[in-house]
Amino acid sequence: MNYQWNWRVFYDISGDGTSTYAHNLFAGAGWTLATALLSTLIALLVGVSIGLLRASPHRLKRGLAWAYVEIFRDIPLLVQMFIWYFVVPELLPASLGNGIKSLASGPFLTVSIALGLYAAARVGEQTRSAITALPKGQLMAGIALGLSRGQVLRLIVMPQALRLLIPPLTSEMVNIVKNTSVGMTLGLMELTARAREMQEATFHTFEAFAAATVGYLLINLCIITTIRAVDARLLSVKERAPRPQVGLGLLA
Amino acid sequence: MNFTPITSNLSYLFIEGLGLTIKVTLFCASAGLGLGILLAAIRLYGPRWAQMLVAGYVNMLRSIPLILVIFWFYFLSPYLIAWVIRSPNPVQVNAYVSALITFSLFEACYYCEIIRAGVLSVARGQEFAAKALGLTGIQVLKSVVLPQAMRNTGPILILQAIVLFQDVSLVYVLSLTDFVGAATQIAQQQNNLVPLYLFVALVYLVACFLSTQGVRSLQSRLATA
C-alpha cells in the first residue's frame with residue numbers, strides 16, 4: 001500500500017484561508033448536532049401526535065395518521081429533502097417562496113424539517129405500539145373512574161407509554177444523527193460534508209473520514225449515555241425499584 | 001404543470017435510472033444476504049476472536065451514516081482490490097462497482113443482525129432435540145434451526161431489501177445515474193425541477209407501498225401456517 005498518512009494535515013489552513021481543517025470539522029459536528037436536535041424536537045412533537053391519532057377510535061383520524069406514516073416511510077429521505085428544498089418553495093406564492101429560498105439558514109431549516117417529519121413517521125409507529133402494549137384495563141379503569149378520554153391519555157396512558165418509548169427513541173435519535181448527513185446534498189456543511197471538503201482539498205482521504213467517523217461515534221455515545229442517565233434519574237425519583245436494564249446494543 | 005419532461009424521457013428515467021437502482025438493489029440484497037449469513041454464522045458459532053471482530057465490524061458500520069460508508073468504500077475499494085489481487089498499485093474502480101461493493105458489505109451488517117436474531121429466536125430445545133436424535137452440528141443447523149429462523153425472519157429480510165431500494169438513492173453523492181440521478185439530470189437540463197421530483201416521489205411511494213403491503217400479507221400467511 002502506498003498511501004501517505006499525515007495526521008498533521010488537520011492543522012493546515014483550509015481553502016477559506018483563515019480556519020484549520022480541524023476547526024472546520026468541529027464546526028461541522030456542531031451543525032450535525034444542531035440539525036439533529038431540531039429534527040428530534042419536530043419528530044417528537046409530530047410523531048407522538050401521529051401515534052395518538054393512530055390509536056384514536058375515530059376512523060378518519062386513524063386513516064389520516066396511517067396515510068402520513070405510509071407516505072413519509074415509502075419515499076427515500078433524499079427525495080423528501082429535494083421536495084422540501086426545490087419543490088415546496090415553487091408551489092408557495094412567489095413572494096413567500098422567494099423569501100424562503102433567500103434565507104441564509106435555508107439548508108439548515110429545510111434539512112431539520114424534512115428529517116424531523118421523516119423520523120416522525122417512525123416515532124408515530126413506536127408511540128402506537130407503546131400505547132397498544134399497555135394493558136387495556138388501564139384505559140378502562142381510567143374511564144370507569146370518570147376521567148375523559150383526553151384525561152386518561154394525558155394522566156394514565158402517556159406517562160407509561162413514554163417510559164416504554166425511551167429505548168426505541170434512543171435508537172431513533174441515533175438514526176437522526178446519522179441521517180443529518182443526507183443534508184450535505186442540500187449544501188448543509190455538517191460533519192460528512194466537511195470531511196468530504198477536506199478530502200477533496202488535501203487528498204488525505206482516510207484521515208478526513210476517520211475524523212468524521214470518530215465524530216459520529218462520539219456524538220452517538222453522548223446521546224446514549226445522556227438518555228440512559230436521564231432514564232435512570234426518572235426511575236430513581238418515581239419508582240425506587242430495580243428494573244431490568246433494557247437491552248440496547250452499544251451504538252446499534 | 002408541464003409534464004413533457006417526464007413523458008419525453010420515460011425510457012431514460014425508467015430503463016437507465018430505475019434500472020440501475022433495481023440492479024444495485026437486487027445484486028446487493030443477494031450478496032448482502034449471503035455475506036450476512038456468513039457473518040451471522042461467525043458471530044454465533046465462530047471462535048471468540050472472530051466473533052469480536054465481526055461484532056466490531058457490524059456495530060461500526062451501523063453506527064456511522066450511510067453516506068460516510070459510501071465515501072469510505074469508494075476511496076478504500078482501490079486499495080482493497082489491490083490487496084485481494086496482490087497488485088502493488090491501487091486499482092481504479094468506477095462508481096458503479098464501488099456502489100455494488102459498498103451496499104453489499106453494508107447490507108451484510110444488517111442481514112447479519114436480522115439472521116442472528118432469527119436464529120436466537122428458535123427455541124434451544126429444538127437444537128437439543130435434534131442433537132439427541134443424532135444429527136451432526138451442520139445437519140442441526142441446515143435442517144432444523146435455519147428453516148425455522150428463515151420463516152421467522154423472511155418478511156423482515158424483504159423489508160430490509162425495500163429499505164435498501166430507498167437507500168440506493170444515496171449513490172447521488174457518487175454522481176451515479178440511478179433513478180433520482182436521472183431525474184435530476186433531466187430536471188437541470190430542462191430547468192424544470194417540480195414535476196420531475198414529484199414524479200420520482202410518486203414512483204417510490206407506489207413501489208414501496210405495494211411491496212410492503214405484499215410483505216405484510218406474506219407475514220400474516222406465514223403466521224397462520
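Small disclaimer: the values here were computed from a predicted structure and weren't measured.

About the cut-offs
- Each chain has its residues counted from 1, running along the sequence as written.
- Chains and ligands are labelled by the order in which they are written, letters from A for the one and numbers from 1 for the other.
- Local features in a predicted model are, by the rule used here, given only for residues with pLDDT of at least 70; side-chain atom pairs are given and counted only at 80 or more, and totals for whole chains, interfaces and linings are based on all residues.
- Just so you know, side-chain values use all the structure's heavy atoms and leave hydrogens and water out.
- Helix and strand labels come from DSSP, where a helix needs a run of H or I of at least four residues and a strand needs a run of E of at least two; each type is numbered from the N terminus.
- Residue burial is assigned from relative accessible area. The probe radius is 1.4 Å, only protein chains are included, and a residue is buried under 20% of its type maximum, exposed over 50%, and partly exposed in between.
- Contact between two residues is taken to exist if any of their heavy atoms lie within 4.5 Å; hydrogens are not considered.
- Charge assignment in this entry is limited to Lys and Arg as positive and Asp and Glu as negative, and neither His nor the chain termini are counted.
- A charged residue contributes its charge at one atom only: NZ of Lys, CZ of Arg, CG of Asp or CD of Glu.
- Pairing of aromatic side chains requires ring centres within 6.5 Å, counting the rings of Phe and Tyr and the six-membered ring of Trp. Pairs whose planes differ by under 30 degrees are stacked, by over 60 edge-to-face, and all others tilted.
- When two cysteine sulfur atoms lie within 2.5 Å, the pair is treated as a disulfide.
- One fewer than the residue count of a helix, multiplied by 1.5 Å, yields its expected span.
- The reported bend at a residue is simply the angle between two axes, fitted to the 7 residues ending at it and to the 7 residues beginning with it.
- By convention, the term buried area covers the 1.4 Å-probe accessible surface removed from two parts as they join, with the contributions of both added.
- A pairing counts as a salt bridge when a side-chain nitrogen of Lys or Arg comes within 4 Å of a carboxyl oxygen of Asp or Glu.
- Among the buried residues, those of types Ala, Val, Leu, Ile, Met, Phe, Trp, Tyr and Cys that are joined through side-chain atoms within 4.5 Å form a nonpolar core.
- Only residues whose relative accessible area exceeds 30% and that take part in no salt bridge are eligible for patches, with like-charged residues grouped when within 9 Å of each other and nonpolar side chains (Val, Leu, Ile, Met, Phe, Trp, Tyr) grouped when within 5 Å.
- All accessible-area figures derive from a Shrake-Rupley calculation using a 1.4 Å probe, and residue coverage is judged against the displayed protein chains alone.
- To obtain each axis, a line is fitted to C-alpha atoms, and for helices this fit is confined to the stretch in contact; angles are then taken between N-to-C directions over 0 to 180 degrees.
- Oblique is the label for any angle not under 35 degrees, not over 145, and not in the 65 to 115 range, which are roughly parallel, roughly antiparallel and roughly perpendicular in turn.
- Left-handed is the label given to a crossing in which the near helix is rotated counterclockwise from the far helix by less than a right angle, and right-handed is the label when the rotation is clockwise.

Visitor: An account of the overall build of chain A is needed here, citing residue identities and associated values.
Guide: Within chain A, the regular secondary structure consists of nine helices and zero strands. Starting at the N terminus and ending at the C terminus, chain A contains elements arranged as α-α-α-α-α-α-α-α-α. When the backbone C-alpha atoms are referred to their principal axes, chain A occupies close to 70 × 55 × 30 Å. Per-residue burial for chain A yields a buried fraction of 47% across its 252 residues. Taking the intrachain contacts of chain A between residues at least 6 apart in sequence as the baseline, contacts between residues at least 24 apart amount to 74%. Across chain A, the centroid of the 21 positively charged side chains sits 16 Å from that of the 13 negatively charged ones.

Visitor: Lay out the packing of aromatic side chains in plain terms, naming residues and giving numbers.
Guide: In this structure the tally under the stated criterion is 21 aromatic pairs over all chains. Between the aromatic rings of Phe209(A) and Phe71(B), the centroid separation amounts to 5.5 Å while the plane-to-plane angle is 0°, which identifies the pairing as stacked. You can see Phe209(A) sitting in helix H9 (residues 205–238) and its partner Phe71(B) sitting in helix H4 (residues 66–84), one on each of two chains. In this structure, Phe209(A) and Phe71(B) share a single accessibility class: buried. Taken together, the ring pairs in this structure connect Trp5(A), Trp7(A), Phe206(A), Phe209(A), Phe71(B), Trp72(B), Tyr74(B), Phe75(B) and Tyr79(B) into an aromatic cluster.

Visitor: Can you lay out the state of the cysteines for me, pointing to particular residues and giving the numbers?
Guide: One pass over the full model with this rule turns up zero disulfides over all chains. Of all cysteine sulfurs in the structure, the one in Cys109(B) sits closest to Cys28(B), which takes part in no disulfide; the separation is 13 Å.

Visitor: Can you lay out helix H5 (residues 106–133) of chain A for me, pointing to particular residues and giving the numbers?
Guide: All names here are of chain A. The end-to-end C-alpha distance of H5 is 40 Å, a good match for the 40 Å that 28 residues give at a rise of 1.5 Å each. Remark: the principal bend of H5, roughly 25°, maps to Ala 121. With 21 of its 28 residues buried, H5 lies for the most part within the structure.

Visitor: Quick rundown of the interface of chain B and chain A? Include the residues and the values.
Guide: Listed as interface residues are 37 residues of chain B and, on the opposing side, 37 residues of chain A. Between chain B and chain A, roughly 3,500 Å² of surface is buried when both sides are summed, and carbon and sulfur atoms account for 75% of that area. At the junction of chain B with chain A, the criterion picks out one salt bridge. Across the salt bridge formed by Arg216(B) and Glu70(A), the nearest N and O atoms sit 3.7 Å from each other.

Visitor: Pulling in residues and values, what's your account of the nonpolar core?
Guide: Soluble globular proteins tend to bury their nonpolar side chains together. Ranked by size, the top nonpolar core spans 124 residues in total, and within it Val79(A), Met81(A), Leu13(B), Phe103(B) and Phe179(B) carry the most contacts. If one sorts the elements of this core by residue count, helix H5 (residues 95–121) of chain B sits on top with 13 residues. With near-sequence residues (within four places) excluded, Phe103(B) lies in contact with Val24(B), Cys28(B), Leu66(B), Ile70(B), Leu164(B), Asp167(B), Val168(B) and Val171(B). In terms of nonpolar packing, the next biggest core, distinct from the first, is built from nine residues, Ile42(A), Ile50(A), Val69(A) and Leu117(A) among them.

Visitor: Give me unusual backbone geometry: which residues, what numbers.
Guide: Look at Arg86(B): it is not a glycine, yet its phi comes out positive at around 55°. We classify Arg86(B) as exposed; its relative accessible area is 74%.

Visitor: So what about a nonpolar patch on the surface? Which residues, and what values?
Guide: Residues and elements named next belong to chain A. A contiguous nonpolar surface patch, about 380 Å² in accessible area, is contributed by Leu 96, Ile 100, Leu 103, Leu 109 and Ile 113. Listing elements by their share of the nonpolar patch, those giving two or more residues are helix H4 (94–101) and H5. Here Ile 100 lies in helix H4.

Visitor: Tell me about the packing of helix H1 (residues 21–54) of chain A against helix H2 (residues 59–73) of chain A, residues and numbers included.
Guide: Geometrically, a packed helix pair is captured by the angle between its two axes and the distance between the axes. Residue and element names in this part refer to chain A. Across the interface, H1 lies against H2 with an axial gap of 7 Å and an inter-helix angle of 135°. For the element pair H1 / H2, the angle class is oblique. Crossing of H1 over H2 shows left-handed handedness. Here H1 contributes Val 46, Ile 50, Leu 53 and Arg 54 to the contact with H2, which in turn contributes Lys 61, Arg 62, Ala 65, Trp 66, Tyr 68 and Val 69.

Visitor: Mind laying out the pattern of salt bridges, listing which residues take part and the relevant values?
Guide: Side-chain pairs of opposite charge can arise whenever the charged atoms involved come near each other. Residues and elements named next belong to chain A. Tallied over the entire structure, the rule returns twelve salt bridges over all chains. Between Glu 70 and Arg 73 there is a salt bridge, with its nearest N and O atoms 3.5 Å apart. Here the residue Glu 70 and the residue Arg 73 both occupy positions in helix H2, the gap between them amounting to three residues, near one helical turn. Judged by relative accessible area, Glu 70 falls into the buried class, the value being 5%. A residue is classified by how much of its surface remains accessible, and Arg 73, at 26% relative accessible area, is partly exposed. A single network of salt bridges, built from pairs that share partners, joins Arg 54, Glu 125 and Arg 128.

Visitor: Quick rundown of the environment of Pro76(A)? Include the residues and the values.
Guide: Its location among the elements puts Pro76(A) in the loop between H2 and helix H3 (77–91). Excluding residues that lie within four positions of it along the chain, Pro76(A) makes contacts with Gln166(B), Ser169(B) and Tyr204(B).

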